[in-house]
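Here are the chains, one letter per residue:
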Amino acid sequence: MTDDFFGKTPPAAFGNDGKNDWLSDLWSQTEAAEQKPRREKIPAGEYIAAVEGLKLEATKQGKPKFTFTLKIVDGVLSGRLLWKSCVPSSPAAMAYFKADVAMCGANVSDGYDLESINDSITGQRLAISVNYRIRSWEGKSYENQNIYFNKSLSRDPSAPVDDFDVPF
(Lines give C-alpha, C1' and ligand atoms only; values in the text may rest on other atoms or scores of the structure.)
Protein backbone atom coordinates (compact mmCIF):
# COMPACT_ATOMS: atom_id res chain seq x y z
CA MET A 1 0.00 0.00 0.00
CA THR A 2 1.15 3.51 -0.61
CA ASP A 3 -1.34 5.27 1.66
CA ASP A 4 -0.16 6.73 4.92
CA PHE A 5 -2.08 4.94 7.68
CA PHE A 6 -2.13 6.90 10.94
CA GLY A 7 1.28 8.34 10.11
CA LYS A 8 2.86 4.97 9.40
CA THR A 9 3.05 2.91 6.25
CA PRO A 10 1.38 -0.48 6.81
CA PRO A 11 3.07 -3.61 5.53
CA ALA A 12 1.70 -5.39 2.47
CA ALA A 13 0.28 -8.18 4.61
CA PHE A 14 -1.35 -7.90 8.04
CA GLY A 15 -0.16 -11.34 9.23
CA ASN A 16 1.59 -11.96 12.52
CA ASP A 17 5.11 -11.87 11.06
CA GLY A 18 6.84 -9.29 13.24
CA LYS A 19 6.23 -6.52 10.68
CA ASN A 20 3.21 -5.09 12.47
CA ASP A 21 4.90 -2.87 15.05
CA TRP A 22 2.87 0.09 13.78
CA LEU A 23 -0.38 -1.87 14.44
CA SER A 24 0.79 -2.94 17.88
CA ASP A 25 1.77 0.66 18.67
CA LEU A 26 -1.58 1.95 17.50
CA TRP A 27 -3.40 -0.67 19.58
CA SER A 28 -1.53 0.22 22.76
CA GLN A 29 -1.88 3.99 22.25
CA THR A 30 -5.63 3.95 21.61
CA GLU A 31 -8.42 3.78 24.19
CA ALA A 32 -11.46 1.68 23.41
CA ALA A 33 -14.44 3.69 22.21
CA GLU A 34 -17.21 4.14 24.73
CA GLN A 35 -20.00 1.65 24.12
CA LYS A 36 -23.18 3.59 23.57
CA PRO A 37 -26.53 1.96 24.12
CA ARG A 38 -28.27 1.14 20.88
CA ARG A 39 -31.28 3.28 20.22
CA GLU A 40 -34.44 1.28 20.28
CA LYS A 41 -36.72 1.37 17.28
CA ILE A 42 -39.38 4.01 17.27
CA PRO A 43 -42.58 2.38 18.53
CA ALA A 44 -45.59 2.08 16.26
CA GLY A 45 -47.88 5.08 16.75
CA GLU A 46 -48.70 8.60 15.68
CA TYR A 47 -46.17 11.43 15.75
CA ILE A 48 -45.64 15.04 14.73
CA ALA A 49 -42.58 15.29 12.47
CA ALA A 50 -40.86 17.97 10.41
CA VAL A 51 -39.41 17.30 6.98
CA GLU A 52 -35.63 17.74 7.08
CA GLY A 53 -35.16 17.10 3.37
CA LEU A 54 -35.56 14.82 0.39
CA LYS A 55 -32.71 13.16 -1.44
CA LEU A 56 -32.39 11.08 -4.57
CA GLU A 57 -30.12 8.07 -4.49
CA ALA A 58 -29.91 4.67 -6.15
CA THR A 59 -31.01 1.27 -4.88
CA LYS A 60 -28.59 -1.66 -4.97
CA GLN A 61 -30.17 -2.55 -8.30
CA GLY A 62 -29.52 0.95 -9.67
CA LYS A 63 -33.13 2.16 -9.60
CA PRO A 64 -33.88 5.72 -8.44
CA LYS A 65 -34.97 5.97 -4.81
CA PHE A 66 -36.27 9.08 -3.05
CA THR A 67 -35.78 9.29 0.71
CA PHE A 68 -37.50 11.78 3.01
CA THR A 69 -35.65 12.59 6.24
CA LEU A 70 -38.13 13.33 9.02
CA LYS A 71 -37.49 14.55 12.56
CA ILE A 72 -39.97 13.93 15.36
CA VAL A 73 -40.67 17.34 16.91
CA ASP A 74 -43.10 16.56 19.71
CA GLY A 75 -43.21 14.23 22.70
CA VAL A 76 -40.63 12.07 24.43
CA LEU A 77 -39.06 10.99 21.12
CA SER A 78 -38.52 14.57 19.96
CA GLY A 79 -35.32 14.84 17.94
CA ARG A 80 -35.34 11.25 16.67
CA LEU A 81 -34.98 10.79 12.92
CA LEU A 82 -37.02 8.64 10.55
CA TRP A 83 -36.54 7.91 6.87
CA LYS A 84 -39.29 7.20 4.38
CA SER A 85 -38.20 5.86 1.00
CA CYS A 86 -40.01 5.48 -2.30
CA VAL A 87 -38.81 3.73 -5.44
CA PRO A 88 -41.05 5.18 -8.18
CA SER A 89 -40.68 2.23 -10.55
CA SER A 90 -44.27 2.33 -11.80
CA PRO A 91 -46.96 4.96 -12.43
CA ALA A 92 -48.77 3.84 -9.26
CA ALA A 93 -45.62 4.18 -7.11
CA MET A 94 -44.91 7.61 -8.63
CA ALA A 95 -48.49 8.69 -7.89
CA TYR A 96 -48.06 7.78 -4.18
CA PHE A 97 -44.71 9.56 -4.06
CA LYS A 98 -46.19 12.71 -5.63
CA ALA A 99 -49.07 12.59 -3.12
CA ASP A 100 -46.52 12.54 -0.26
CA VAL A 101 -44.58 15.42 -1.83
CA ALA A 102 -47.82 17.40 -2.19
CA MET A 103 -48.75 16.64 1.44
CA CYS A 104 -45.40 18.22 2.37
CA GLY A 105 -46.38 21.47 0.64
CA ALA A 106 -44.79 21.21 -2.81
CA ASN A 107 -46.71 22.08 -5.94
CA VAL A 108 -46.40 18.81 -7.89
CA SER A 109 -47.81 20.36 -11.07
CA ASP A 110 -44.70 22.58 -11.42
CA GLY A 111 -42.62 19.79 -12.92
CA TYR A 112 -39.76 17.84 -11.40
CA ASP A 113 -36.95 19.89 -9.86
CA LEU A 114 -35.49 18.25 -6.74
CA GLU A 115 -33.88 21.45 -5.45
CA SER A 116 -37.15 23.38 -5.76
CA ILE A 117 -39.10 20.53 -4.14
CA ASN A 118 -36.62 20.44 -1.25
CA ASP A 119 -36.90 24.20 -0.77
CA SER A 120 -40.68 23.99 -0.58
CA ILE A 121 -40.96 20.96 1.74
CA THR A 122 -38.12 21.49 4.22
CA GLY A 123 -39.54 22.48 7.60
CA GLN A 124 -43.06 21.30 6.82
CA ARG A 125 -44.65 19.65 9.85
CA LEU A 126 -46.74 16.53 9.36
CA ALA A 127 -48.91 14.21 11.39
CA ILE A 128 -47.46 10.79 10.61
CA SER A 129 -48.12 7.17 11.53
CA VAL A 130 -45.44 4.57 12.02
CA ASN A 131 -46.20 0.86 11.92
CA TYR A 132 -44.33 -2.38 11.39
CA ARG A 133 -45.06 -5.42 9.28
CA ILE A 134 -43.29 -8.75 9.06
CA ARG A 135 -42.35 -9.82 5.54
CA SER A 136 -40.85 -13.11 4.44
CA TRP A 137 -38.40 -13.50 1.61
CA GLU A 138 -36.33 -16.53 0.69
CA GLY A 139 -37.27 -18.29 3.93
CA LYS A 140 -36.28 -15.37 6.18
CA SER A 141 -38.54 -12.95 8.02
CA TYR A 142 -37.88 -9.22 8.05
CA GLU A 143 -39.59 -6.43 9.96
CA ASN A 144 -40.40 -3.48 7.69
CA GLN A 145 -41.13 -0.02 9.03
CA ASN A 146 -43.93 1.82 7.25
CA ILE A 147 -44.42 5.57 7.58
CA TYR A 148 -47.60 7.25 6.43
CA PHE A 149 -48.13 10.98 5.99
CA ASN A 150 -51.58 11.64 7.49
CA LYS A 151 -51.96 15.40 7.50
CA SER A 152 -50.02 18.54 6.69
CA LEU A 153 -49.67 20.89 9.69
CA SER A 154 -48.37 24.43 10.12
CA ARG A 155 -44.74 25.11 9.18
CA ASP A 156 -44.43 27.34 12.24
CA PRO A 157 -42.88 25.21 15.02
CA SER A 158 -44.37 27.50 17.66
CA ALA A 159 -47.90 27.03 16.33
CA PRO A 160 -49.95 24.87 18.69
CA VAL A 161 -51.14 21.49 17.51
CA ASP A 162 -54.53 21.06 19.07
CA ASP A 163 -56.59 17.89 19.13
CA PHE A 164 -58.66 19.10 16.19
CA ASP A 165 -55.55 19.50 14.05
CA VAL A 166 -54.38 15.90 14.35
CA PRO A 167 -56.24 12.97 12.77
CA PHE A 168 -55.79 10.67 15.78
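Attention in this report is confined to the structure presented alongside it. (Residues numbered from 1 in each chain as written. Predicted model: local features only at pLDDT ≥ 70, side-chain atom pairs only at ≥ 80, totals over all residues. Heavy atoms only, no water.)

1. Regarding the pairing of strand β4 (residues 125-137)
Looking at chain direction, strand β1 (residues 45-58) and β4 are connected through six bridges and run antiparallel. Bridge pairing in β4 links Gly 45 to Val 130. Both β4 and strand β5 (residues 140-152) contribute to a ladder of 12 bridges, which runs antiparallel. Residue pairing in the sheet places Val 130 in a bridge with Ile 147 of β5. (Pairing = 2+ DSSP bridges. Helix = DSSP H or I, 4+ residues; strand = E, 2+ residues; numbered from the N terminus.)

2. Topic: the pattern of salt bridges
Tallying each qualifying case throughout the model produces four salt bridges. For the salt bridge of Glu 57 with Lys 55, the shortest nitrogen-to-oxygen distance reads 3.7 Å. For Lys 55, a relative accessible area of 41% translates into the label partly exposed. Two residues, Lys 65 and Glu 57, come together in a salt bridge whose shortest N-O distance is 3.7 Å. Residue Glu 57 is classed as partly exposed on the basis of its relative accessible area of 28%. Here the salt bridges do not stand alone but share partners, grouping Lys 55, Glu 57 and Lys 65 into one network. (Salt bridge = Lys/Arg side-chain N within 4 Å of Asp/Glu carboxyl O. Buried < 20%, exposed > 50% of the residue type's maximum accessible area, 1.4 Å probe, protein only.)

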